[in-house]
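# An overview of the molecular structure
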Amino acid sequence: MTPTVARRRETVIGDPTVDGQSVSAAWRERALARFPGGVNSPVRAYRAVDGEPLIIVRGEGPLVWDADGTEYVDYVGAFGPLICGHAHPAVVVAVEAAARDGGPFGATTPREVELAERIAAAMPVIERLRFVSSGTEATMSVLRLARAATGRDLVLKFEGGYHGHVDGLLVEAGSGLATLGLPASAGVTVAQAVETIVVPYNDLAAVERAFDDHRGRIAAVIVEPVAANVGVIPPAPGFLEGLRRVTRADGALLVFDEVITGFRIARGGAVERFGVEPDLVTLGKVIGGGLPIGAYGGRAELLDLVAPVGPVYQAGTLAGHPLAMAAGIATLDLLMPAAYRELERTAAALEAGLRAAAAEAGVGVAVNRVGSLLTVFFRARPPADATGAKASDTAAFARFHRAMRAAGILVPPSQFEAWFVSLAHTDTEIARTVAAAREALRACRG
Ligand SMILES: *Cc1c(COP(=O)(O)O)cnc(C)c1O
């Protein structure tokens, strides 16, 4: 273990409670005064599970500790980036070294090239790429590029697909299939929303109808190749291949939003796992090893439409930040084939244990899993789209979440988020999790 990790532990232990209030409660109160809902991203407020938001002070491997010193096995994994677990020594050492080198410099650094070369080697469809600072920036920029490349305005996305908080992608389908979107957030204009067509995930016929209705007008289809923001929903056989066929036939671009799946479900992401080649790919989360990052990439001729070579403007003061590059390189260097075999083994054991626990408790749940991404849906049959996912018993999920938390197991605080298994989760944590789930499922029968 590195000295840094040991040093940080001492700052946690022995914090006194304040006026009979827990330390976490005191921090929550101060956070509530400064941030909407006390948080800097909504799901952290735990509203969907009627829970107090956590105040976390430290993580190591598969574990995190709250401000009161309570330990949890963590399946939130920062909502995706921490595939190697918290404070992996190799990542910590790399970030420390990069910090000592100074920067950012407003200039290209070797670490940017090194991370880009690793990405291109894993995903040959990415000949060139641009680093940005978040997944949201990546999807926003990639759609600007797709519109410029095709000279078309419309974008097709899927119900329940999350691509960051890009205005034009915060839309809901109206009634009926293949509908032009309505704003799903205050502050999004109708003008932006109507440029987005929304159809059900895994519904190729709906995609074909949308292309019939808007022939020659759709710039791009953007899809999470494994839906992972409505709970985990794998693509139906032939769905991604169908998207490839339909977009190619109409001259539209196919964008895989691999912000979650990239380097997560395989080193080469969904492109490798499903063997379907998109035109453009967005990345984030894992490629930054826990530091802020995003990227979009594809064929050189498309990326060369971006400034300064081409007419599509896109820039970033902190893009290619040396600390994020260092964390990303260290993380990708841990993700060799053996790592994916290990993730598969651990996550499969968790899935089997959860299924057995549910059967024992007599609770009908469906466990959807793709590699180290997993969701326990509180409904009997596995959902294939957002409508199916939303038919889950979210009250039962909330009871399950609270019981798991009380037992020291932290699962994402929403029915519609993926659990993230990391390389740091061992058989010990899996056994602890399954034992807790056995009790929690019994308790949450309602
Ligand atoms: C998280 C996520 C984003 C947004 O990334 P941020 O870094 O949170 O802006 C985009 N697309 C997908 C599929 C995501 O899961």
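Below: a short report on this structure. (Residues numbered from 1 in each chain as written. Predicted model: local features only at pLDDT ≥ 70, side-chain atom pairs only at ≥ 80, totals over all residues. Heavy atoms only, no water.)

### Brief notes about helix 14 (residues 394-406)
Taking 1.5 Å of rise per residue, 13 residues should cover 18 Å, and helix 14 covers 18 Å from first to last C-alpha, within 8% of that figure. Within helix 14 the residues assigned to the buried category are A396, F397, A398, F400, H401, M404 and R405. Those residues of helix 14 that are buried are in contact with strand 3 (71-74), strand 15 (373-377), strand 16 (409-410), strand 17 (419-420) and helix 15 (427-443). At the N-terminal end of helix 14, a side-chain oxygen is found 3.2 Å from the backbone nitrogen of A395, two or three residues along, and the residue is D393. Just past helix 14, the residue G408 takes up positive phi, approximately 85°. (Helix = DSSP H or I, 4+ residues; strand = E, 2+ residues; numbered from the N terminus. Expected span 1.5 Å × (residues − 1). Buried < 20%, exposed > 50% of the residue type's maximum accessible area, 1.4 Å probe, protein only. Contact = heavy atoms within 4.5 Å. Polar contact = N/O pair within 3.5 Å; in protein donor to acceptor, adjacent residues only side chain to side chain.)

### Topic: the site of the ligand
The environment of the ligand is formed by S134, G135, T136, Y162, H163, G164, E224, N229, D257, V259, I260 and K285. Between the ligand and G135 there is a distance of 2.8 Å, counted from an oxygen atom to a backbone nitrogen or oxygen. A distance of 3.1 Å is found between an oxygen atom of the ligand and a side-chain nitrogen or oxygen belonging to N229. Protein contacts shield 84% of the accessible area of the ligand, which totals 380 Å² for the unbound molecule. Of the residues belonging to the shell around the ligand, the class tally is three nonpolar, six polar and three charged. (Near = heavy atom within 4 Å. Areas by Shrake-Rupley, 256 points an atom, 1.4 Å probe, with all protein chains shown as cover. Nonpolar A, V, L, I, M, F, W, Y, C, P; charged D, E, K, R; others polar.)

### Things to note about empty space enclosed by the protein
For the coordinates displayed, the defined rule picks out two cavities of 30 Å³ or more. Here the largest cavity defines a volume of roughly 50 Å³. Taken together, F158, E159, G160, G161, H163, Y201, I222, V223, E224, A227 and V230 make up the full set of residues lining the largest cavity. The calculated volume of the second largest cavity comes to roughly 40 Å³. Lining the second largest cavity, in full, are G61, P62, D74, G77, L82, G85, H86, S422 and H425. Class assignment for the residues of the lining of the second largest cavity results in two nonpolar, six polar and one charged. (1 Å grid on protein atoms, 1.4 Å probe; cavity = no way out; pocket = protein on both sides within 12 Å on 5 of 7 lines; lining within 4 Å. Points joined across faces, edges and corners; volume = space filled by probe spheres on them.)

### A few points about helix 3 (residues 89-100)
What sets the pattern is the α-helix's 3.6 residues per turn: residues three or four places apart point alike. Given a rise of 1.5 Å per residue, twelve residues ought to cover 16 Å, and the 17 Å separating the end C-alpha atoms of helix 3 matches this to within 8%. Listed in full, the buried residues belonging to helix 3 are V91, V92, A94, V95 and A98. The buried residues of helix 3 occupy one face: seen down the axis, they fall within an arc of 165°. One or two steps after helix 3, the chain reaches G102, where phi turns positive at roughly 80°. (Arc of directions from axis to C-beta.)

Shape descriptors only; they carry no functional weight alone.
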